[in-house]
Each structure stands twice: as structure tokens, then as C-alpha cells.
Amino acid sequence: MHAEAAYRNDIDGLRAIAVSIIVLFHMGVTALGGGYVGVDVFFVISGYLITGQILRDLQRGGFSFGTFYMRRLRRLAPSLLVVLFATLLAGFFLLGPDHYERLGRSTVAALFSVSNIFFWTEAGYFDEAAINKPLLHLWSLAVEEQFYLVWPVLLVILARLGRLTAVPAVLFGLGAISLVASELLLDDDPSAVFFLTPFRLAEFALGAALAARTKPVFQTAKAGNVASVAGLGLIVLSALVLNDDTRFPGIHSMFPCLGSALLIASGPAGVVNRTLLSLGAMRYVGKTSYSVYLAHWPLLVFYAYYHNAPDTLVEVAGLSLAALAAGAFLYHVVETPFRRRGAAGFRISGPWLRRAVLAVFLPTLVIGIHVAQNKGYRWRLTEDIQKINRMLEIAEDEREIAIRRPRCHFGGNEIAIYLESFEDCLPKDRSHMVVVMGDSHAADIYTGLVRLSPGTRFVQLTGAGCSVGRRESFQNRCVPLMEKSMAWIRENAGNIDAILYTHRAARLFRGDAGDWVGMGLNPDVPDRVRRFFDTLTSIGPQVIYLAPRPEIFPKIQVMVARSMTVDQLHEQLRGFDRHLFAELDRSLSAAMQGSKARYISSHDAMCAGNDCMVLDDRGLPIFVDSSHLSPYGAAYFLRHLFERHPDLPALLNLSLEDQAAL
């Protein structure tokens with residue numbers, strides 16, 4: 001079993017490439033649409049280095065679990081604990097109660113190396129935006145730490161059985177199972193595949209296989225040079241070509257991983273390794289890469305909380321340099337002292353390391369738990385802002401009940417519950433029904449209509465994220481809902497007086513929700529929307545297309561949290577540029593010309609120029625986040641809509657007394 005012991009400067013350079021791709025991607029360099037692959041590069045490096053270290057110790061007969069985990073503790077804990085404590089402290093001054101409470105919970109998860117599981121359980125359509133989670137990036141560190149728990153045990157078992165020669169076969173088997181499972185589950189549960197360690201084992205296994213090889217991969221310098229160039233090319237191309245639409249990780253993760261493996265396998269003499277990766281600057285960034293990675297995301301989150309995500313060269317460059325500086329500080333002041341050796345061993349001994357770790361671990365744990373249990377310390381807000389915050393919390397709870405999820409509003413992962421409850425969600429009297437159809441924004445409208453006219457026989461056919469015009473890669477989970485809805489409409493067309501369809505605007509822009517600001521309309525959307533309505537109107541009932549409504553950014557809770565007074569909140573709400581929504585409205589209106597469906601502009605009902613309806617007549621929010629309306633807010637919006645279109649109440653079978661109350 002061949003296992004190299006010499007320190008490789010070029011691997012520090014490879015770390016520099018990985019962390020640079022990640023940081024620039026997170027800071028908003030749009031050319032790096034696949035910048036998330038930097039994490040996969042780190043996984044391959046970890047598989048290679050950790051496996052080589054364990055195999056060398058096993059071959060010498062000197063492997064010790066205590067020594068191994070003490071090395072990991074010395075390498076990972078000091079900077080991590082400082083970042084966790086500092087982030088908690090900064091969050092007290094910078095984050096609103098809701099986000100600070102989440103930070104407390106995610107801190108506890110990070111302390112116990114289960115961040116990936118924590119964020120997986122939070123994932124979903126109604127999940128909090130990534131840009132509001134200061135510790136989201138620690139999911140990858142948790143994956144690595146879980147790998148460190150399992151992999152040494154497996155190798156020791158093989159060694160005691162005298163089967164270390166079987167390591168390559170074991171790696172191939174584990175990697176193949178992991179990759180196949182990842183591909184099979186990617187469409188059904190992409191969050192699990194992304195966050196959970198078993199689905200990432202193929203990436204570690206690729207690096208581990210290089211450490212377990214019995215002879216050099218490339219026998220000639222020319223072959224090594226070709227592999228070196230090809231490896232760098234695969235990583236760079238992956239970062240440039242892959243994007244948010246790519247099915248990932250799955251088979252696509254193998255491209256950057258194979259690139260990393262080729263660079264490692266080509267050795268220090270590979271042309272890229274010796275000329276680029278071994279440069280002093282590259283090696284320095286690589287040495288600090290762990291601390292840079294830890295620091296960069298909290299810095300970005302706290303900046304974006306008050307200034308929105310960086311979108312200028314000055315912002316991107318400034319935040320990137322700040323991340324490098326913070327990482328360098330952590331590396332020199334926190335990380336390196338615990339790893340510095342003297343003549344008799346580490347200058348900071350094992351017992352003192354454990355004491356130092358506990359001295360920070362325990363207070364951080366206690367504070368994290370206290371923050372989570374005390375709802376993020378709401379008392380930090382002014383009385384008026386606290387009142388609005390309480391109203392938002394109440395409105396969120398009311399909306400969750402009113403949309404009837406998951407029984408009557410398809411949540412994305414509960415199709416069995418939805419189909420089983422379908423008949424129970426329909427009105428008892430199946431005559432003169434009004435169908436409300438679409439995504440969660442349609443569910444909002446349903447709650448507003450029920451509030452205005454509880455006697456009308458409304459049928460709710462809505463699903464989270466199930467939007468006409470949305471990219472197909474997001475629509476697979478919505479197929480059962482759409483098939484069931486269209487089949488039911490066809491079967492009951494004679495008893496349906498009208499179908500009202502609406503959906504979310506942000507899903508129709510290029511990029512995913514949260515990244516759409518300034519990116520423009522997806523050019524395929526108007527035609528896809530028109531084709532759907534041609535199909536829907538052919539069934540028979542009157543179809544009303546309530547076009548997507550304007551949204552706000554960031555979500556209302558963030559605006560509330562960073563407002564010291566109600567006036568400051570109102571100023572923020574008035575300052576958001578909504579021209580994209582006007583462009584979307586014009587494009588959809590043009591596409592619907594000549595359609596049998598009636599086009600109703602939400603934008604015109606909500607906006608006068610760039611001033612759009614976000615607050616009611618009392619100055620209180622009608623939204624519960626960045627785009628969803630509370631039941632009261634939906635009814636408030638509908639009242640204004642009906643003032644512009646006074647015939648709509650009759651088309652929707654609203655009762656006469658309710659119409660008079662409008």
C-alpha cells in the first residue's frame with residue numbers, strides 16, 4: 001500500500017482555488033454560476049489527506065483514535081469556536097429576533113457537527129432565505145466531520161482483519177453506491193442529496209482512492225502534465241458552466257471531483273501544480289483557506305442584512321478582501337498557535353487544548369440555547385417595532401392555518417397526504433364552484449376570497465412552488481398535483497363557474513427566488529404561460545389570469561429588524577425598485593393578447609409608478625415575508641382589485657352582502 005508522507009505545497013494551491021471559487025461565487029460573481037463546486041474540491045482533498053494519514057499510521061502499527069481525533073480537534077476547533085462565538089455576539093446587535101433565534105439553533109447544531117442535518121430539516125419551499133443564515137456554510141464542515149467519525153473506524157476494522165488490500169474495492173463500492181443513490185434521489189429529495197453525508201461519499205472516496213493506490217497513477221511526466229492541465233480545466237469549467245439549474249450533486253459533481261483527483265494524481269511535478277499551485281501567494285491563501293471559509297459567509301450575511309447582496313465591483317472586491325483579511329487574522333492569531341510545535345511537541349499541549357476548547361465551547365453552547373429558547377431576544381426592538389413583529393408572527397400562523405397545508409395545499413413532499421385528503425378539501429355542494437389554482441400565491445388569494453365571501457363554494461388547487469412558467473427542473477414534484485387538478489377540472493367542468501389562476505413573479509425571472517433582482521425576465525416564460533392558458537380555456541369554464549403581484553426584497557421581517565422606528569420601516573418599503581415587475585406585467589399582458597382567458601394586472605392594482613401596496617391604510621404590513629400575503633392582506637389587496645374591476649365579484653360568485661361590504 002503506497003502512501004506518500006511528504007508535504008505537498010501544490011495541495012495548498014488547490015485549496016486556494018477551491019476557496020477562491022466559493023468566496024467569489026457567494027459574493028455574487030455571476031460568471032461563476034457553479035462556484036459551489038469548490039466544496040466538492042475540498043471533499044476530494046480531505047478524502048486524500050485523511051486516508052493517507054490513517055494508512056501511514058496503520059502501516060507503522062501506530063494508529064490511535066485518540067491521536068487522530070486530537071489532530072482534528074487541534075486543526076478545526078479553535079477557529080470554528082471563535083467564529084461561532086463572534087457570530088452569536090454580532091447577531092445580537094445586527095439580526096432581528098426571528099433570525100437571531102435561528103442563529104442560536106444553528107450554533108448548537110454546529111457545535112455538535114450536525115449543521116448539515118439541521119439545514120436539511122429546514123429545507124423546503126418556505127425555508128428561510130440562505131442569505132439570512134450566517135452559519136449555513138458550516139453544512140460542509142459537518143459533512144467532513146461525520147466522514148472523520150466513520151472512515152477511520154472502517155479502515156481500522158479492515159486492518160485488524162488483515163484486509164487493507166481491499167481498501168480500493170471498498171472505496172469503489174461505497175463510491176458507486178453513494179453516486180447511484182444520489183442520482184436516484186436527486187429529483188425526489190434534492191435537499192437530502194445536497195446536505196447529507198452518505199450522498200457525498202463518492203467525492204471523499206475519489207480522493208481516498210488516490211491515497212490507497214499501490215503505484216503512481218501516471219508513469220510519465222508528459223501524462224502527468226496532461227492530467228494536471230485537464231484537472232484544472234475541469235474545475236474551472238465546472239465553476240463556469242454549471243449553475244443553479246444543474247442537477248447537483250449527482251453525476252455532475254464528478255466533473256470538479258475528477259478535476260481535483262487529476263491534479264492530485266499528477267503530483268507536485270505536474271505542470272499546473274509546480275507553476276501555479278506552488279506559487280507562494282497560492283500556498284498562503286490555501287493555508288488560510290479553512291479560516292477564510294469560516295469567516296466569509298457570516299461577513300456576507302451581516303452585510304447583506306443591511307445593504308442587500310453585493311452587486312457592484314466595489315462591494316464584491318471589498319467583501320472578498322475582508323473575508324481574506326478575517327481569514328488571515330484567524331489563521332495567524334487563533335489557528336496557528338494551537339498547531340505550532342516546539343522541540344518537545346506542540347507548544348500548547350493536549351490538556352491545555354482541551355481546556356481552551358471547553359472554555360469557549362460551553363459558553364457558546366449555553367448562549368446558543370438561551371437565544372433559541374428566548375425567541376431571539378425580542379426585547380431588543382422598540383415598542384412599535386415589537387408590535388409589528390408580533391403582528392407578523394400572528395399573521396404567519398394565521399396564514400399557515402388558512403392555506404390548509406399539507407392536506408389541501410400541496411407542500412411538495414406530502415403528495416400521499418394531499419391525494420388522500422383531496423375529496424375532503426372540496427365543498428360539500430359541488431354546484432357553481434369557483435376554482436382557485438396555482439402556487440402558494442394562489443393559496444394566499446384563496447384565503448382572502450374565503451375571508452371576503454365565506455359562503456362561496458371555492459375549490460383550492462394549489463401547491464408550493466407549482467407555478468406555470470417555472471423552469472422544468474423545479475416542476476417534477478408538482479406533476480402529481482397538476483395531473484390531479486387538470487383531470488378534476490375536466491371531470492367537473494359543468495359545475496365550475498370560473499377558474500382564477502395566479503402565481504409568483506420571482507419564479508419567472510432568470511435565477512432562483514432571492515437572486516432575481518436585476519436579472520430580468522426569463523424569455524421563455526410568456527410563451528409557456530400562454531400555452532398553459534390555451535389548454536385551460538379549452539376545457540370550458542371562464543378563466544381569469546390574475547397576473548403575478550409585485551414583491552419586496554428583502555423579506556418584511558428583515559426590514560422590521562433593521563428599523564429602529566416605524567418611519568424607518570416605511571422608508572425602506574418605499575425605496576425598493578420594482579421596475580422588473582412592471583416589465584413582467586407588460587410581457588405577460590402582450591403574450592395573453594387574443595387569449596380566451598381574461599388578463600387582470602395585479603401590478604396595476606397594487607402600484608402607482610414605483611410606489612406599490614405593502615402597507616394597509618393604518619401603515620401595517622400586508623405581507624408575511626417577501627411575497628406572501630396574510631389572509632387579511634390578501635383580502636385588503638382584493639378589495640382594491642375589485643375597485644378597479646367591479647365586475648369581478650360577480651364572476652367569482654361573491655355574495656351580494658359581501659360585495660356591498662367591499
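The structure presented is a predicted model; accordingly, all values stated were derived computationally and were not measured.

**With respect to the packing of aromatic side chains**
- Taken as a whole and assessed by the stated rule, the structure comprises 34 aromatic pairs.
- Centroid distance phenylalanine 118 to phenylalanine 119: 5.1 Å. Interplanar angle 80°. Geometry classified as edge-to-face. A single burial state applies to phenylalanine 118 and to phenylalanine 119, both of which are buried.
- Chaining the aromatic ring pairs together yields one cluster made of Phe43, Trp139, Phe147, Tyr148, Trp151, Phe194, Phe195 and Phe204.
- When the ring centre of phenylalanine 92 is taken as origin, the NZ or CZ atom of arginine 380, which lies over that ring, is 5.4 Å away.

**Structural notes on the pairing of strand E4 (residues 433–438)**
- Among the six residues that make up E4, six are buried, leaving the element largely enclosed by the rest of the structure.
- Here E4 shows two buried faces, one formed by Met433, Val435 and Met437 and the other by Val434, Val436 and Gly438.
- Pairing analysis gives six bridges linking E4 to strand E6 (residues 496–502), with the strands arranged parallel. Bridge pairing in E6 links methionine 433 to isoleucine 496.
- Handedness of the crossover joining E4 and strand E5 (residues 458–463) through helix H19 (residues 440–452): right-handed.

**Notes on the pattern of salt bridges**
- Going through the model one piece at a time under the given rule, you end up with 25 salt bridges.
- Here arginine 102 makes a salt bridge to glutamate 122, at a shortest N to O gap of 3.5 Å. Of this pair, arginine 102 sits in helix H4 (residues 97–111) while glutamate 122 sits in helix H5 (residues 115–122); the two residues are 20 residues apart in sequence, bridging distant segments of the chain.
- What you see here is one network of salt bridges that share partners, running through Asp98, Arg102, Arg105, Glu122 and Lys133.

**Notes on a nonpolar patch on the surface**
- Together, Phe85, Leu89, Phe93 and Ile367 give the surface a local cluster of nonpolar side chains, amounting to about 390 Å² of exposed area.
- The greatest single-element share of the nonpolar patch, amounting to three residues, is contributed by helix H3 (residues 65–94).
- Among the structural elements, isoleucine 367 can be located in helix H16 (residues 350–373).

**Observations regarding helix H10 (residues 221–241)**
- The terminal C-alpha atoms of H10, which comprises 21 residues, lie 30 Å apart, in line with the 30 Å expected from a rise of 1.5 Å per residue.
- Turning to H10, its buried residues number three or more, namely Gly224, Ala227, Ser228, Gly231, Leu232, Ile235, Ser238 and Ala239. Buried residues of H10, viewed axially, fall in a sector of 130°; they line one side. In H10, the exposed positions that point more than 90 degrees away from the buried face belong to Lys222, Val226 and Val241.

**Focus on the layout of surface pockets**
- Computed from the structure, the second largest pocket encloses a volume of approximately 1300 Å³.
- Lining of the second largest pocket is provided by 45 residues; of these, Arg15, Leu49, Arg72, Arg75 and Arg339 occupy positions nearest its centre.
- A breakdown of the residues in the lining of the second largest pocket according to their chemical character gives 21 nonpolar, seven polar and 17 charged.

**Things to note about the sheet that holds strand E7 (residues 542–546)**
- Taken together, the six strands give an open sheet; going across it, the order is E3-E5-E4-E6-E7-E8, and neighbouring strands pair in parallel fashion. Sheet topology places strand E3 (409–410) and strand E8 (598–600) at the edges, where each strand pairs with a single neighbour.
- Running over the sheet, helix H21 (residues 525–537) touches E4, E6 and E7 and is turned about 155° from E7.

**Notes on the confidence of the model for the protein**
- Here the protein shows a mean pLDDT of 90. Residues at 70 or above account for 94%.
- pLDDT under 50 marks residues 512–518. Its contacts with residues more than four places away, or in other chains, come to 22 contacts.
- Segment residues 658–662 is flagged for pLDDT under 50; beyond a separation of four residues in sequence, or across chains, it makes ten contacts in the model.

Conventions adopted
- Residues numbered from 1 in each chain as written.
- Predicted model: local features only at pLDDT ≥ 70, side-chain atom pairs only at ≥ 80, totals over all residues.
- Heavy atoms only, no water.
- Phe/Tyr/Trp six-rings, centres within 6.5 Å; stacked < 30°, edge-to-face > 60°.
- Buried < 20%, exposed > 50% of the residue type's maximum accessible area, 1.4 Å probe, protein only.
- Lys NZ or Arg CZ within 6 Å of the ring centre and 35° of its normal.
- Helix = DSSP H or I, 4+ residues; strand = E, 2+ residues; numbered from the N terminus.
- Pairing = 2+ DSSP bridges.
- Right-handed = clockwise from strand over helix to strand, strands pointing away.
- Salt bridge = Lys/Arg side-chain N within 4 Å of Asp/Glu carboxyl O.
- Patch = residues over 30% accessible without salt bridge, like charges linked within 9 Å, V, L, I, M, F, W, Y side chains within 5 Å.
- Areas by Shrake-Rupley, 256 points an atom, 1.4 Å probe, with all protein chains shown as cover.
- Expected span 1.5 Å × (residues − 1).
- Arc of directions from axis to C-beta.
- 1 Å grid on protein atoms, 1.4 Å probe; cavity = no way out; pocket = protein on both sides within 12 Å on 5 of 7 lines; lining within 4 Å.
- Points joined across faces, edges and corners; volume = space filled by probe spheres on them.
- Nonpolar A, V, L, I, M, F, W, Y, C, P; charged D, E, K, R; others polar.
- Contact = heavy atoms within 4.5 Å.
- Axes fitted to C-alpha atoms, helices over the stretch in contact; angles between N-to-C directions.
- pLDDT = per-residue confidence, 0-100.

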